[in-house]
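The chain contents come next:
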Amino acid sequence: MPDTKPLSMPDLATLHVIAHLRWEREWYETYEIRQAQLLDEIAQLLQQMGETTGDALRFYILGGQTVIVEDVAAVRPDLLALMVIYNAGGRLGLGPWYVQVDQNLVSGESLIRNLLTARVEAAKSGIKLLPIAFSPEQTANVSQLPQILRGFGIGTAMLNTGDPRNNKPYYWKAPDNSSILVLGHDLPNVWVESHTDLMNDSIQMQRALRPDGPFLWLVEHSETDGSASATLNYIHQKTNVPVSQIELVEYLRILRRSLTETLHGMVRGPLLPKSLKAQASGTLSSRLYLKQAHAQVENKLLYAVEPWLALALTHGNLSQPDNPQAMLHHAWRTLHKNQTLYTLGGTSIDAVQTKTENAYHAVDDIAEQIIEKSLNAIEGKVTSRHPSLKPSARKNTTYVVVWNSHNWPIKQAVFVPLTLNQGSYPLRLRIPGDEAEQPFGWQEAEHGALHSGTISFIADAPALGYAVYTLELSDQPVAEHHFIHETKNNTIGNVFGESLTATRNNLNWKREDGTLTDLLRFLDGGDAGDVYHYCPPIEDSIIEGSMVNDVKTISSPVYEQLVINHRMRVANELNDDRTRSRGVRLLELQTTATFYDNIPGVFFRTTFENTAQDHRLRAHLRTGIETKYALTQTAFNFDRVEVGNTYPTQGLTAVHDGVSSLALMSRGLPEVEALTEGDQVTFALTLARSVGWLSRDDLSVREGALAPHLPVPDAQCQRVMSAEYALVATPAGDRAALLRESMIYNSPLQAYQYDVRPSRPRRSFLSILSDQATATETVDSDGAGVILTSFKPPSKGKGWMLHLYNPHDHDVEVFVTPHTRPEQVHLSSLSEDSLKFIETDMNGRVQIAITGNQLVALRLLF
């Protein structure tokens, strides 16, 4: 008869030790070098786990990144086979992330794709992911993360606090009131004698909270000497407590039994380790050109590729539909691999960052290919980006189709490069479904360009759909009034009665409620820091740019624009002793400040060649608003922050005083400092930060180094830089309006030239109405109640996946109506598992209540 004696429970007073791997794919070494090191680590690990004696390593956490599976399989599939075996036995934990990221630098939807990608890739190898959000690195964690994790069935997070004396368990609640249990951990190397005190302090802290245990200590496997038993004996000698190995899920089960009286409390808002505030704030602005490229391609995947592909798969005639879906998954995997803590944060060596920049170009190419194939499958035919060398028949018309991926109608300026036959010119532009003419501007292309010129106009596109503009052609040159005209005026105006004037070194914005004087300035100071942290040099001097007296005005049927030039003479670089050098380098900045026809706000674009080193350049924008707090955009949400601090923003930052509100929007510029100047708030937006070292140990703002002392000359950003940002007045405190403005600006209308037009002049594929819409609104879809943050194909199966976010603190009633009646509608988790079936009415409409700050997933099958 077999032995049925139950296994004994671990002693609650025991110190449980869990070994784990702390590993980054790229950092101060290239991926290829790190991959070779990883193989050695994995081989040694599996050898120790295969021991049949007491020296066996029983349990192990292979970091929080599932991408390790791919990295091993690419070279040693035999090692992966062993990993799968130990994972199935509960001894080897992986995931649940695909890669670890700085959550301040990626969108909330990107975090969801990260977890989805990990699931898809793990399933290919038969890997079961950890039900715990394990993070071995110190990093920022956004306030909405508990709901995102809950959407994947994850109720616990183990986060690196960076302080072994403060690892108290607590519950972390998201704005929608979903919560997870958080356990802090730390990563000092216990085999270094100086860390023994920290280990004992951590145990004493745990003992004070839970006298009977359980106690936990994480050890980093790559730093260990000898076998698992030797490690346990060493820890036992240093702590004088029983020591054993344990599997992480089992430890958490034991821990939860003791939390009733010892729970530390409830925490809300973003989580940021205290030490990280000083140590890694510079990652918001290091190598800004990479952050801008990343933001652009991430938005293209989310708000062009995914929605158009979803429509093509369900309501189009898409040949070989598996291919674009596979390419979309490949694009996300490539993007994720290049948005890790060290790559997107700008804290890798130059060779890694060059590869990252190339990877963003590759993802953009994939995106463009999927877009063209998807649009052709829906309706009409997009003009090829690579025209044939053979002359085609002369046409009297061509078409511009404007697509809107948001759940409310949008009016916005579009600029569309057109390919026309030689001798064909734009004559008139027809409004969709109307004989009326649409004013347009025309700028001929430079000689040798692939396209003939660029047409610009104010487009009006319906929610989640398109509008077809018909462009009639002629053999006569374009009429003069369509061209751009340049004058020497220093003032522009708009239909709202506002004006923008550049005079006496000031830019002044006259508005209905007063004039914002000295609206825009450029200030530059030295930077003696590294890629991790800004540090002012000894005896720094702040240089303000001077406006050059050659202001120009550019007028077109679409916009009025001021062209302003600033000059500033700054130090060439820092001396070896970290002081400013005496040499002078000229920085010349050109800024366009634009009023678009019937579009509120002023829109800026600043371009300059960054010729100086070791400095930080910022644009200072006045608001005219006095307040102590600002709202800054984060993943799906806004955080309320105190004025006087530098903080990250994912597209928009706003201030309001209860009456007036002004929002600063930026594309791929995530670092903003809110300053109090006199009786108003000024936004200091970082446009460039130039440093030359990976890490230094002589910074006045930080103790010690964070990486090897290596030169990174490319981080000086000696290149042409550009920045796009805008100031827009919004309803005071209306977070739905703020989100709409940010999404319109950062994910604008997409316009394409068509050879064959779609059958309808205007078409909307999805209506989302809410009880927050005003009585005066007659649109079929509004963004007042919920924001459609994602419209995509499911990761598995068919249909649409919709993510609806309620930015209000109160419940919202929502009515979702696709243009074709769905066969089934499922309320789903964020992991895309069905939760329940939802009935539709006779028109195929879905009615659902969404609680305040909640993100809801719906799956529609046709």
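Residues numbered from 1 in each chain as written. Predicted model: local features only at pLDDT ≥ 70, side-chain atom pairs only at ≥ 80, totals over all residues. Heavy atoms only, no water.

Colleague: Sorry if this is basic, but what is going on with the overall build of the protein here?
Modeller: The number of helices and strands found in the protein is 14 helices and 48 strands. The C-alpha atoms of the protein give a radius of gyration of 29 Å, which matches the 29 Å a tight globule of 862 residues would have. Seen through its principal axes, the protein has C-alpha atoms that stretch 95 × 75 × 55 Å. Counting all 862 residues of the protein, 59% fall into the buried class. Counted over contacts in the protein with a minimum sequence separation of 6, partners at least 24 positions apart contribute 74%. Roughly 34800 Å² of accessible area belongs to the protein as shown, and the carbon and sulfur atoms make up 49% of that amount. A distance of 3 Å separates the average location of the 75 positive side-chain charges in the protein from that of its 97 negative side-chain charges. (Helix = DSSP H or I, 4+ residues; strand = E, 2+ residues; numbered from the N terminus. Rg over C-alpha atoms; globule rule 2.2 N^0.38 Å. Buried < 20%, exposed > 50% of the residue type's maximum accessible area, 1.4 Å probe, protein only. Contact = heavy atoms within 4.5 Å. Areas by Shrake-Rupley, 256 points an atom, 1.4 Å probe, with all protein chains shown as cover. Lys, Arg positive; Asp, Glu negative; His and termini not counted. Charge placed at Lys NZ, Arg CZ, Asp CG, Glu CD.)

Colleague: For this particular structure, what's the right way to read the side chain of threonine 156?
Modeller: Among the secondary structure elements, threonine 156 is positioned in strand E5 (residues 156–160). A distance of 2.6 Å separates polar atoms of two side chains, one belonging to threonine 156 and the other to arginine 256. Filtering out sequence-adjacent residues up to four positions away, threonine 156 remains in contact with Pro131, Ile132, Ala133, Ile180, Leu181, Leu252 and Arg256. (Polar contact = N/O pair within 3.5 Å; in protein donor to acceptor, adjacent residues only side chain to side chain.)

Colleague: Quick question: what am I supposed to make of helix H1 (residues 31–49) here?
Modeller: The terminal C-alpha atoms of H1, which comprises 19 residues, lie 26 Å apart, in line with the 27 Å expected from a rise of 1.5 Å per residue. By the burial criterion, the buried members of H1 are Tyr31, Arg34, Gln35, Leu38, Leu39, Glu41, Ile42, Leu45, Leu46, Gln48 and Met49. Here the buried face of H1 lies against strand E2 (60–61), helix H2 (67–73), helix H3 (77–88), strand E3 (92–93) and helix H7 (228–239). (Expected span 1.5 Å × (residues − 1).)

Colleague: Just checking my understanding: could you explain the sheet that holds strand E19 (residues 491–493) for this structure?
Modeller: Pairing is antiparallel across the open sheet formed by 4 strands, whose spatial order is E19-E20-E21-E22. Edge positions in the sheet fall to E19 and strand E22 (514–516), since each has one partner strand and no second. Adjacent strand axes in the sheet meet at a mean angle of 15 degrees when their direction is disregarded. Judged from the 3 bridges that link them, E19 and strand E20 (residues 499–503) form a sheet pairing that is antiparallel. (Pairing = 2+ DSSP bridges. Axes fitted to C-alpha atoms, helices over the stretch in contact; angles between N-to-C directions.)

Colleague: Honestly, unusual backbone geometry in this entry has me stumped. Any pointers?
Modeller: A negative phi angle is the norm for most residues apart from glycine, just as the trans form is the norm for most peptide bonds. Residue proline 96 is reached from glycine 95 by a cis peptide bond, and omega for that bond is 10 degrees. Residue placement: proline 96 occurs in the loop between E3 and helix H4 (108–125). At leucine 464, a position not held by glycine, the phi torsion is positive, near 40 degrees. Within the secondary structure layout, leucine 464 lies in the loop between strand E16 (453–461) and strand E17 (465–474). Overall, leucine 464 belongs to the buried group, its relative accessible area being 1%.

Colleague: Whenever I open this one, the environment of tyrosine 559 confuses me. Can you help?
Modeller: Looking at the element boundaries, tyrosine 559 is found in strand E27 (residues 559–570). Exposure remark for tyrosine 559: the relative accessible area of 9% places this residue in the buried category. In this structure the C-alpha to C-alpha distance between tyrosine 559 and glycine 493, which are 66 residues apart in sequence, comes to 9.5 Å. Those residues in contact with tyrosine 559, other than ones at most four positions away along the chain, are Phe415, Ile484, Ile554, Thr594, Phe595 and Tyr596.

Colleague: Explanation requested: the confidence of the model for the protein in the structure shown.
Modeller: In low-pLDDT segments, the atomic positions of the prediction should not be examined closely. Across the protein, the average pLDDT comes to 89, with 93% of residues at or above 70. Scored below 50 in pLDDT, residues 1–10 makes 8 contacts in the model with residues more than four places away or belonging to other chains. Segment residues 188–193 is flagged for pLDDT under 50; beyond a separation of four residues in sequence, or across chains, it makes 17 contacts in the model. (pLDDT = per-residue confidence, 0-100.)

Colleague: Where do I start with helix H11 (residues 288–315) in this structure?
Modeller: Three- or four-residue spacings in an α-helix give side chains the same orientation, since the helix completes a turn every 3.6 residues. With 28 residues, H11 should reach 40 Å at 1.5 Å per residue; the first-to-last C-alpha distance of 40 Å fits that figure. Of all the bends in H11, the largest measures some 35 degrees and sits at leucine 301. Among the 28 residues that make up H11, 23 are buried, leaving the element largely enclosed by the rest of the structure. (Bend = angle between axes of the 7 residues up to and from the residue.)

Colleague: Even after reading the chapter, I still don't get the pairing of strand E23 (residues 520–526), so can you show me in this structure?
Modeller: Strand residues, when the strand is regular, have side chains that alternate between the two faces of the sheet. With 7 of 7 residues buried, E23 lies mostly within the body of the structure. In E23, alternate side chains face the same way, and those of Leu520, Phe522, Asp524 and Gly526 on one face and Arg521, Leu523 and Gly525 on the other are all buried. Summarising the sheet, E23 and strand E30 (residues 615–622) pair through 7 bridges and their orientation is antiparallel. Residue pairing across strands places glycine 525 opposite arginine 616, the latter belonging to E30. With 2 bridges joining them, E23 and strand E24 (residues 543–544) adopt antiparallel strand pairing. Following the sheet pairing, aspartate 524 is matched in E24 by isoleucine 543.

Colleague: Looking at this model, I keep getting lost on the state of the cysteines. Mind explaining?
Modeller: Working definition: the covalent bond between the sulfur atoms of two cysteines is a disulfide. Counted under the stated rule, the structure contains 0 disulfides. Free cysteine: cysteine 535, not disulfide-bonded; nearest cysteine sulfur from cysteine 717 at 18 Å. By relative accessible area, which is 1% here, cysteine 717 ends up buried. (Disulfide = S-S within 2.5 Å.)

Colleague: How should I be thinking about the side chain of serine 747 in this particular structure?
Modeller: Structurally, serine 747 is set in the loop between helix H14 (735–746) and strand E39 (750–756). Judged by relative accessible area, serine 747 falls into the buried class, the value being 5%. Only 3.4 Å separates the side chain of serine 747 from the side chain of asparagine 299, close enough to count as a polar contact. Look past the residues within four positions of serine 747 in its chain and what remains in contact with it is Asn299, Tyr303, His406 and Ser742.

Colleague: I tried to follow the pattern of salt bridges on my own but got confused; where do I start?
Modeller: Pairing between side chains of opposite charge can happen when the charged atoms of each approach one another. Tallying each qualifying case throughout the model produces 39 salt bridges. Between glutamate 121 and lysine 124 there is a salt bridge, and its shortest N-O distance comes to 3.0 Å. In this pair, glutamate 121 and lysine 124 both sit in helix H4, 3 residues apart, roughly one turn of the helix. We classify lysine 124 as exposed; its relative accessible area is 58%. Between lysine 300 and glutamate 368 there is a salt bridge, with the nearest N and O atoms lying 2.6 Å from each other. Pair noted here: lysine 300 is in helix H11 and glutamate 368 is in helix H13 (residues 350–378), with a separation of 68 residues, a long-range link. (Salt bridge = Lys/Arg side-chain N within 4 Å of Asp/Glu carboxyl O.)

Colleague: What is the right way to read the packing of aromatic side chains from this model?
Modeller: For any two aromatic rings, the description comes down to two numbers: the centre-to-centre distance and the angle of the planes. As enumerated under the stated definition, the model contains 15 aromatic pairs in all. Geometrically, the ring pair formed by tyrosine 559 and tyrosine 596 is edge-to-face, given 6.2 Å between the ring centres and 75 degrees between the ring planes. Of this pair, tyrosine 559 sits in strand E27 while tyrosine 596 sits in strand E28 (residues 585–596), and the two are 37 residues apart along the sequence. Its relative accessible area of 18% is what places tyrosine 596 among the buried residues. (Phe/Tyr/Trp six-rings, centres within 6.5 Å; stacked < 30°, edge-to-face > 60°.)

Colleague: What's the story with the sheet that holds strand E43 (residues 800–805) in this structure? I'm lost.
Modeller: Each strand in a sheet pairs with another by means of backbone hydrogen bonds, the pair being arranged parallel or else antiparallel. Ordered by their spatial adjacency, 5 strands build an open sheet running E42-E43-E48-E45-E46, and the pairing between neighbours is antiparallel. Taken across any chain shown, the strands that pair with only one partner, and hence form the sheet edges, are strand E42 (787–792) and strand E46 (834–837). Recorded for the sheet is a direction-independent mean angle of 30 degrees between the axes of neighbouring strands. On top of the sheet, H4 reaches E42, E43 and strand E48 (855–861); it is set at about 35 degrees to E42, its chief contact.

Colleague: I keep staring at the nonpolar core and nothing clicks. Help me out?
Modeller: The nonpolar side chains of a soluble globular protein tend to be buried, and buried together. Ranked by internal contacts, the top residues of the largest apolar core, which has 221 residues, are Leu62, Trp403, Phe457, Leu500, Phe604, Tyr725 and Leu858. Residue contributions to this core peak at 14 residues, all from H11. Core analysis: the next-biggest nonpolar cluster, separate from the first, contains 17 residues, Ile61, Ile132, Leu218 and Ile246 among them. (Core = buried A, V, L, I, M, F, W, Y, C linked by side-chain atoms within 4.5 Å.)

Colleague: Can you walk me through the packing of H4 against H11 in this structure?
Modeller: The axes of two packed helices give the description: the angle between them and the distance between them. It is at 10 Å that the axes of H4 and H11 come closest, and there the two elements cross at 80 degrees. When the axes of H4 and H11 are compared, the pair comes out roughly perpendicular. Residues Glu109, Ser110 and Arg113 of H4 form the contact with H11, whose participating residues are Glu298, Leu302, Tyr303 and Glu306. (Parallel < 35°, antiparallel > 145°, perpendicular 65-115°, else oblique.)

Colleague: Explain the packing of H11 against H13 to me, please; I cannot follow it from the model alone.
Modeller: Direction vectors running N to C along H11 and H13 enclose 20 degrees, while the axes themselves pass 9 Å from each other. Comparing the axis directions of H11 and H13 gives the class roughly parallel. Where H11 crosses over H13, the two elements pack in a sense that is left-handed. When grouped by side-chain class, the residues that make up the contact of H11 with H13 number 19 nonpolar, 4 polar and 4 charged. (Left-handed = near helix turned anticlockwise from the far one by under 90°. Nonpolar A, V, L, I, M, F, W, Y, C, P; charged D, E, K, R; others polar.)

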